[in-house]
Amino acid sequence: MGSKSKAVQFNPEYALGVHDDDCERAVLGTIVDGGEALQQAREMLVPDSFYVDKHRDIYQAILNVADRGDQPSILLVNAELQKMQSAVEMHELAGIMLNRCIVDFYTYVARLHGLHMRRKFYQLGQYLVKSGSCEAEDIADVQQKVVEDFGNLFRESPGGISTLDDALESVHRIIDDNLAGTTALTGTPTGFHCLDEKGGLQKSDLIVIAGATSQGKTSFATDIAVNAMQQDAKIAVYSMEMVKEQLAARIVAGQSGVSSSDILYKPLTDGQFQAVDRAIGALCGKNLYFDDRSTSNIDTILTSIRSMKLKYDIDGAIVDYLQILNVNIKGNDSTREQVMGDVARRLKNLAKDLGIWVIALSQFNRDKANPLPTLNRLRDSGQIAEAADTVMLVYRPEYFNEHEGMSLRFPAPFDRVDVRGMAMIDVAKGRNIGTMRFLCRFNDKLTHFEDVEDYRTLPVVRESEEDAPF
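Computed from a prediction, not measured in an experiment: that's the story for all the values here.

Trainee: Hey, could you run me through the overall build of the chain in this one?
Mentor: Across its full length, the chain carries 17 helices and nine strands. Out of the 470 residues belonging to the chain, those deemed buried represent 46%.

Trainee: Hey, could you run me through the packing of helix H1 (residues 21–32) against helix H6 (residues 105–133) in this one?
Mentor: To characterise two packed helices, one gives the angle between the axes of the helices and the distance between these axes. Where H1 meets H6, the axes come as close as 10 Å, and the angle between the chain directions of the two elements is 130 degrees. On the basis of the axis angle, H1 is oblique to H6. Remark: the crossing between H1 and H6 carries left-handed chirality. Residue-level contacts link Cys-23, Glu-24, Ala-26, Val-27, Thr-30 and Ile-31 of H1 to Phe-105, Tyr-108, Val-109, Arg-111 and Leu-112 of H6. Classifying every residue of the contact of H1 with H6 gives eight nonpolar, one polar and two charged.

Trainee: I would appreciate a short explanation of the pairing of strand E4 (residues 316–320) in the present structure.
Mentor: Residues in a regular strand point their side chains to alternate faces of the sheet. Extensive coverage of E4 is indicated by the burial of five of its five residues. Side chains of E4 alternate between two faces, with Gly-316, Ile-318 and Asp-320 and Ala-317 and Val-319 buried alike.

Trainee: Please explain the environment of Ala-233 as it appears in this structure.
Mentor: Relative to the helices and strands, Ala-233 resides in the loop between helix H10 (217–229) and strand E2 (235–239). When the C-alpha positions of Ala-233 and Asp-315 are compared, they lie 6.1 Å apart, and in sequence the two are 82 residues distant. Setting aside anything within four residues of it in sequence, one finds Ala-233 in contact with Thr-188, Ala-228, Asn-287 and Asp-315.

Trainee: What should I look at first to understand the packing of helix H4 (residues 74–83) against helix H5 (residues 90–97) in this one?
Mentor: Viewed as axis vectors pointing N to C, H4 and H5 meet at an angle of 140 degrees, and their least axial separation amounts to 11 Å. Classified by the interaxial angle, the pair formed by H4 and H5 is oblique. Regarding H4 and H5, the two cross each other, and that crossing is right-handed. Contacts between H4 and H5 involve Ile-74, Leu-75, Val-77, Asn-78 and Leu-81 from the former and Met-90, Leu-93, Ala-94 and Met-97 from the latter. By residue class, the composition of the contact of H4 with H5 is eight nonpolar, one polar and no charged.

Trainee: Just checking my understanding: could you explain the packing of aromatic side chains for this structure?
Mentor: What characterises a pair of aromatic rings is the spacing of the ring centres plus the angle enclosed by the ring planes. With the rule as written, the count across this model stands at nine aromatic pairs. The interplanar angle of 80 degrees and the centroid separation of 6.5 Å between the aromatic rings of Tyr-395 and Phe-410 together place this pair among those described as edge-to-face. Here Tyr-395 is found in strand E6 (residues 390–395), whereas its partner Phe-410 is found in the loop between helix H17 (397–403) and strand E7 (422–430), with 15 residues between them in sequence. Judged on exposure class, the residue Tyr-395 and its partner Phe-410 are both buried.

Trainee: Quick question: what am I supposed to make of helix H3 (residues 53–67) here?
Mentor: For H3, with 15 residues, the first-to-last C-alpha span of 21 Å sits near the 21 Å given by 1.5 Å per residue. Considered for burial, the residues of H3 that qualify are His-55, Ile-58, Tyr-59, Ala-61, Ile-62, Leu-63, Val-65 and Ala-66. Those residues of H3 that are buried are in contact with H1, helix H2 (37–42), H4, H5 and helix H14 (298–312). Trailing H3 by a residue or two, Gly-69 shows a phi angle of about 90 degrees, which is positive.

Trainee: I'm lost on the side chain of Asp-451 in this one. Help?
Mentor: Relative to the helices and strands, Asp-451 resides in strand E9 (residues 448–451). Among the polar contacts made by the side chain of Asp-451, one reaches the main-chain amide nitrogen of His-193 at a distance of 3.1 Å.

Trainee: For this particular structure, what's the right way to read the pattern of salt bridges?
Mentor: Any two side chains of opposite charge can pair if their charged atoms end up close together. Scanning all chains against the criterion turns up 15 salt bridges. A salt bridge links Asp-454 to Arg-456, with the nearest nitrogen and oxygen atoms 3.0 Å apart. Given the relative accessible area of 29%, Asp-454 is considered partly exposed. One salt-bridge network, held together by shared partners, links Asp-48, Asp-53 and Arg-56.

Trainee: Help me out: how do you make sense of unusual backbone geometry in this one?
Mentor: The general pattern is negative phi for most residues beyond glycine and trans for most peptide bonds. Between Ala-412 and the following residue, Pro-413, the backbone shows a cis peptide bond with an omega angle of 10 degrees. Tracing the backbone shows Pro-413 in the loop between H17 and E7. A positive phi angle is found at Ser-214, which is not glycine, with a value near 65 degrees. Within the secondary structure, Ser-214 is located in the loop between strand E1 (206–211) and H10. Judged by its relative accessible area of 37%, Ser-214 is partly exposed.

Trainee: How should helix H11 (residues 244–256) be read in this particular structure?
Mentor: Working note: α-helix, 3.6 residues per turn, so residues spaced by three or four point in the same direction. Here H11 is 13 residues long and its end C-alpha atoms lie 18 Å apart, about the 18 Å a rise of 1.5 Å per residue gives. For H11, the complete set of buried residues consists of Leu-247, Ala-249, Ile-251, Val-252, Ala-253, Gly-254 and Ser-256. Residues of H11 that are buried in the fold lie against H10, E2, helix H12 (260–265), helix H13 (270–283), strand E3 (288–290) and E9. Directly after H11, the chain includes Gly-257, whose backbone phi takes a positive value near 85 degrees.

Trainee: Could you clarify how one ought to interpret the state of the cysteines in this entry?
Mentor: By definition, a disulfide links the sulfur atoms of two cysteines through a covalent bond. For the structure on display, the rule yields zero disulfides. Note on Cys-194: no disulfide assigned, nearest cysteine sulfur contributed by Cys-440 at a separation of 8.0 Å.

Reading the values: the criteria
Residues numbered from 1 in each chain as written. Predicted model: local features only at pLDDT ≥ 70, side-chain atom pairs only at ≥ 80, totals over all residues. Heavy atoms only, no water. Helix = DSSP H or I, 4+ residues; strand = E, 2+ residues; numbered from the N terminus. Buried < 20%, exposed > 50% of the residue type's maximum accessible area, 1.4 Å probe, protein only. Axes fitted to C-alpha atoms, helices over the stretch in contact; angles between N-to-C directions. Parallel < 35°, antiparallel > 145°, perpendicular 65-115°, else oblique. Left-handed = near helix turned anticlockwise from the far one by under 90°. Contact = heavy atoms within 4.5 Å. Nonpolar A, V, L, I, M, F, W, Y, C, P; charged D, E, K, R; others polar. Phe/Tyr/Trp six-rings, centres within 6.5 Å; stacked < 30°, edge-to-face > 60°. Expected span 1.5 Å × (residues − 1). Polar contact = N/O pair within 3.5 Å; in protein donor to acceptor, adjacent residues only side chain to side chain. Salt bridge = Lys/Arg side-chain N within 4 Å of Asp/Glu carboxyl O. Disulfide = S-S within 2.5 Å.

Laid out in structure tokens, this is it:
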């Protein structure tokens, strides 16, 4: 043993046993196939998670295409590879794209992440072997480098990890801002003071707006969107019931005083035309986005929202409505309640992941005996309310009085207010803002909600009209 020890050099080929070519192909093929696969992969994988050089290039090209807000199709990925001057040929890319993860894509992604970490362990171990075989570096420097590198291994994932200290620092900053009076509105403004006093629409929140038929759910959500975009918020709207022209006509109606049916289907008078023209001019260029390519499929909508965030940096999205969405169900044993719960959770996770708010509209189960809205009447699922941060219930007793011969009033403390031209918003769940009820004016002709800041200005019920307990 008299010969001098040689420093051990790192040889990547030694680590051939800790990669999985087939798994890499399956993940890449599934990502290009579309849906939510890319986002699941981005939460755990970086380009170096792929051991094969060409696979690494393909994943980097996919990320480049997606970061521009485009769906990484095989043609766009191939074009990006050419820009990168990659050695990947089109026929090789096409061959890889034939691979798919039949079940449990997350397991494949987790395997690649785990193998990547093992290769990192190997590199770190080789560095220790090398440093233990010679005296080229001070031992204290070796120790510090190893501790830092080992600690950084699990901080490399794209998802981002923070400590309690980070969270407490953010809370302390919020407290300071509140004391200084600099954050009266921390979220997106809604135009309704009861909500804005609680901070508006907050990033990462799922807000469910629910109500029975013809109560104005869509109109209320649309009015929130218009009020928000007039304060420079950017919003994407997805409606499975109305095309963009119908939604735009509703928006113009609320601003012009001319009904959407007149705007779309009747010749306008000179006065109406001028009012509509002024409204269109005031709204022109505002940050409201529609995706004509989107369908009622939940996967397509989620992908579109991600694209909207990348392209336009949207503050929020509105989905109208949950019960009409098409959902790809694995197996036949899932109930409708489970499906709706899964959709709500996916929307919540999307909001949290992108740092936006999402408003989802929901139908109610009908209750002829008592039309007053409650959480347990959310159609198909109590799990919707569980996933949501905030649930707002829209209630217009005037509708039931006119169409079903009832004599209803608002519940306390608004039971003295005349229901004509009025609506109540019941915040039945508020994870961060608490529960409350407030009134809005509602113009049935224009399907338009307006804020009420001083309830003392509202007309009260005359004595002769007091027929019902609420």
